Amino acid sequence: MTQPQHPERLRDFVQQFTALLDRRPDEATVLQQGGALLAALVAQDDWLPDDFARPHPERYQQYLLHADPREHFSVVSFVWGPGQATPIHNHTVWGLIGMLRGAERAQPYAQDQAGHWLPTGAAQELRPGQIEAVSPTVGDVHLVSNALSDQTSISIHVYGANIGAVQRSVFLPDGTEKPFVSGYSNTRLPNLWDRSAELNAALRR
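What comes next is a walk through the structure. (Residues numbered from 1 in each chain as written. Predicted model: local features only at pLDDT ≥ 70, side-chain atom pairs only at ≥ 80, totals over all residues. Heavy atoms only, no water.)

**A few points about the sheet that holds strand E10 (residues 153–159)**
Judged by pairing direction, the sheet is antiparallel, and its five strands sit side by side in the order E1-E2-E10-E4-E8 without closing on themselves. Each edge of the open sheet carries a strand with a single partner, namely strand E1 (61–67) and strand E8 (131–134). Taking the axes of each pair of neighbouring strands and ignoring which way they run, one obtains an average angle of 25 degrees across the sheet. Contacts from helix H2 (residues 27–42) reach strand E4 (95–101), E8 and E10 within the one sheet, and its direction differs from that of E4 by about 15 degrees. (Pairing = 2+ DSSP bridges. Helix = DSSP H or I, 4+ residues; strand = E, 2+ residues; numbered from the N terminus. Axes fitted to C-alpha atoms, helices over the stretch in contact; angles between N-to-C directions. Contact = heavy atoms within 4.5 Å.)

**Observations concerning H2**
For H2, built from 16 residues, the straight-helix expectation of 22 Å at 1.5 Å per residue is met to within 8% by its first-to-last C-alpha distance of 21 Å. Considered for burial, the residues of H2 that qualify are Val-30, Leu-31, Gly-34, Gly-35, Leu-38, Leu-41 and Val-42. The secondary structure elements touched by the buried residues of H2 are helix H1 (8–22), E4, E8 and E10. (Expected span 1.5 Å × (residues − 1). Buried < 20%, exposed > 50% of the residue type's maximum accessible area, 1.4 Å probe, protein only.)

**Digging into the packing of aromatic side chains**
All chains considered together, the criterion is met by eight aromatic pairs. Geometrically, the ring pair formed by Tyr-60 and Phe-78 is stacked, given 5.9 Å between the ring centres and 20 degrees between the ring planes. One end of the pair, Tyr-60, is in the loop between H2 and E1; the other, Phe-78, is in strand E2 (residues 74–80), with 18 residues separating them in the sequence. The class for Tyr-60 is partly exposed, based on a relative accessible area of 25%. Phe-78 gets classed as buried once you look at its relative accessible area, which sits at 6%. Cluster of aromatic residues (ring-pair linked, three or more members): Phe-13, Phe-17, Phe-73 and Trp-94. (Phe/Tyr/Trp six-rings, centres within 6.5 Å; stacked < 30°, edge-to-face > 60°.)

**Side note on the pattern of salt bridges**
Going through the model one piece at a time under the given rule, you end up with nine salt bridges. The salt bridge involving Arg-70 is made with Asp-22; its shortest N-O contact spans 3.1 Å. Placement of the pair is Arg-70 in the loop between E1 and E2 and Asp-22 in helix H1, with a sequence separation of 48 residues. One continuous salt-bridge network, built from bridges that share partners, spans Asp-22, Asp-68 and Arg-70. (Salt bridge = Lys/Arg side-chain N within 4 Å of Asp/Glu carboxyl O.)

Structure below.
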């Protein structure tokens, strides 16, 4: 695995987000202040390890970067190969999405009176540095796709739970609901906590 130039950016983000949630803020505050923290993280593209940025030729990848030990939040990199997309799905918890590389298109969906799922409003396209929020309060059902047909796109997601262990739903256009638990594409985590390189560099100054 190629080491990123600035792994401390993700560590600092995790520490700051933990401190934010320790204050027990309401959801609106989490989305506002947490969104600002995520915007600062994705404003720099020099911290994500290569092993958590690899696309799969057939399906998007969901790599766990960090899970709070109390499962109060998780940080995930979503890696989209060209043309890849999710089904229509929900989250059941609040979430923040920050674009790191490429572009992502999110199309909101809502049910009509017959129970069919239909696109509602314009799709939102995220470019690097931009942030979007989801939750049952602000809008929770959408279909997400790589907006680019010729390159990989990567977004960083923060959820108000261990999202890989949350029972959620996929929705078919006819209204059929299928429960699922997403899990993760990786079996190991990036090492955020080895600070020896930076500390030894400080000693040599």
